[in-house]
Amino acid sequence: MSFEIPDDKGYQETHEWAVRENGTVRVGISDFAQDELGDVVFVEFPDVGEALDASEEFGVIESIKAVSDLYSPVSGEVTATNDDLIDAPELVNESPYDDGWMLELDPADETELDDLLSADEYREQVE
Amino acid sequence: MTRTPPLSEHHADRGAKVTEFGGWEMPVQFDSINAEHESVRASVGKFDVSHMSQIEVTGPDAATLTDRLVTNPVTDLNADRAGYGAITDSAGTMLDDTITYRLTDDRLLFVPNAGHDEEMAERWRTHRDDWELNAKVENATTDWGMFAVQGPDAADALAAAASTDGNGSGRAASGDERNGRNDRASIRDLPFFAVREATIAGVTCLLARTGYTGEDGFELLCPADEAERVWEVFDCQPCGLGARDTLRIEAGFLLSGQDFDPETEPRTPYEAGIGFAVSLDSDFVGRDALAAVAEDGPAERLTGFELTDRGVPRHGYPITDPEGTEIGTVTSGTMSPSLRTPIGMGYLPAAYAAGEREGDEEIAVTIRGERKRARIEALPFIDT
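Everything quoted here is computed from the prediction, not taken from an experiment. (Residues numbered from 1 in each chain as written. Chains lettered and ligands numbered in written order. Predicted model: local features only at pLDDT ≥ 70, side-chain atom pairs only at ≥ 80, totals over all residues.)

(A) Inspection of the domain arrangement of chain B at higher detail. Residues and elements named next belong to chain B. In terms of domain boundaries, chain B breaks down into domain 1 (8–52 + 143–248), domain 2 (55–139) and domain 3 (299–384). For domain 1 and domain 2, the distance between their C-alpha centres works out to 24 Å. Between domain 1 and domain 2, the residue contacts involve 13 residues of the former and ten residues of the latter. Those elements that provide at least two residues to the side of domain 1 that touches domain 2 are β10 (195–200) and β11 (203–208). Class assignment for the residues of the side of domain 1 that touches domain 2 results in eight nonpolar, four polar and one charged. (Domains from an automatic or database assignment. Contact = placed C-beta atoms within 7 Å. Helix = DSSP H or I, 4+ residues; strand = E, 2+ residues; numbered from the N terminus. Nonpolar A, V, L, I, M, F, W, Y, C, P; charged D, E, K, R; others polar.)

(B) Region of interest: the sheet that holds strand β16 (residues 326–335) of chain B. Residue and element names in this part refer to chain B. With respect to topology, six strands assemble into a closed barrel ordered β14-β17-β16-β15-β18-β19, the strand pairing being antiparallel. The mean inter-strand angle of the sheet, taken between neighbouring strand axes irrespective of direction, is 45 degrees. Strand direction decides the pairing type here: β16 and strand β17 (residues 342–349), joined by five bridges, are antiparallel. Bridge pairing links Val330 to Gly346 in β17. (Pairing = 2+ DSSP bridges. Axes fitted to C-alpha atoms, helices over the stretch in contact; angles between N-to-C directions.)

(C) Quick peek at the nonpolar core. Residues and elements named next belong to chain B. Membership of the largest hydrophobic core comes to 132 residues, with the highest contact counts inside it found for Leu108, Phe147, Val149, Leu158, Ile200, Cys205 and Val230. Sorting elements by how many residues they give to this core places helix α5 (residues 154–162) first, with six residues. If we ignore the near neighbours within four places in the chain, the residues touching Leu158 are Val149, Ile187 and Phe218. (Core = buried A, V, L, I, M, F, W, Y, C linked by C-beta atoms within 7 Å. Buried ≥ 20, exposed ≤ 12 C-beta atoms within 10 Å, placed from the backbone.)

(D) Main features of the sheet that holds strand β8 (residues 136–139) of chain B. Residues and elements named next belong to chain B. Taken together, the five strands give an open sheet; going across it, the order is β5-β6-β7-β4-β8, and neighbouring strands pair in antiparallel fashion. A single partner strand is all that each edge strand has here, and the edge strands are β5 (81–88) and β8. Taken over all neighbouring pairs, the strand axes of this sheet differ in orientation by 25 degrees on average, direction set aside. Where helix α4 (residues 117–131) meets the sheet, it contacts β4 (55–58), β5, β6 (94–104) and β8, and its direction lies at approximately 170 degrees from that of β8.

What follows is the structure, encoded as structure tokens:
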């Protein structure tokens, strides 16, 4: 089984991805992570305006069979959350890198993005 | 040492994800729990349930012995019928639940849950010796593969499977032509909770109109070394234990070891809502204790609820009354794939049991320290 791991994103060992996008950092979970979880049925995110540290727990994702914590890849203030996932959590399964995104952050320190795993490094971890 | 079903490699090749359950490594999901669940509600799906135990009891006292250990007597059953009952200790606490197939007058096969096989075989042998009965008790769990074919189209799937010899030809196997037992009509007409021999894919199987999904369906037992041939003849969605769990929760069915367990959740059949499977006219271990419970009614009952706040109720989460006082614990819960709502069950004081307070009783489930509102719902959650 091979998983989609786009080169433009940075990854955490805990399977979240982050990417720079129009001055913010967008965050979600990897294709591997959604496949491991199976059918996603519930997500819980922080409020807009909340400040997160890198690797801080920012929410919870639940599939039918599992509950998993989510960890922020970088530090920053939450500027948006993907409210579509409240009624359609299955978007995380269907489109983990696009429609299934989770947070947007105003990054406190953009160099933290460089500390994340590259696509190749992350691929080594999951394969 | 984890046990594996006869088809474990076959399932792995099909991409199944596995989980450990009752000491067995079983497929939890083949494709998606939601998709598998939906197949069973809308058409038909097949499950490998070879982790279930099979104990054969034979001999002149086979039925007498079993009647004294199960809450629902099998001597009331005609040969070729199955019955559902609980196995209780002398206090009336459920040790397990089981379906017993009465194959002939002196040959029974009962199906305890995964990992209970040696314990139950030993329980039968010990009591046989104490009561000086004449019966042979054999743990046949590894001899059999067990599959469930479930859903509104299950009868079509069985009729089609019975008409093939497993080699891709549509003709009936020659043995069937001799005894005529396999005609499609008779499989379709197999009554609920009836059991018979049937030739499926050219393999002699035990076929029963039973299941644990809330849908029409069949369970079949086949020799372990013929399991692949029988499994493969069913051209429908393979389903794992994940969908089996969501389906049985929607149907309000109990999971042994979770909704009741002699160690962690000791409950009587009345508390667990299966009083219908207790015959107090029968003389079984636990009968007197249960007669006393029946007289007064159980103090707590397994009660269904639906979360009205967002969240997913899961095993072990506390249930509170509107004031926040803990009144019970979730024994089973999930996001219902059919209803698209979070549902669960737990033992609550009898005053909360569905009925007069159904629908309007606000209780709450504590999820990660937060109280999520819920309301009482009658079981089952879906029409079965």
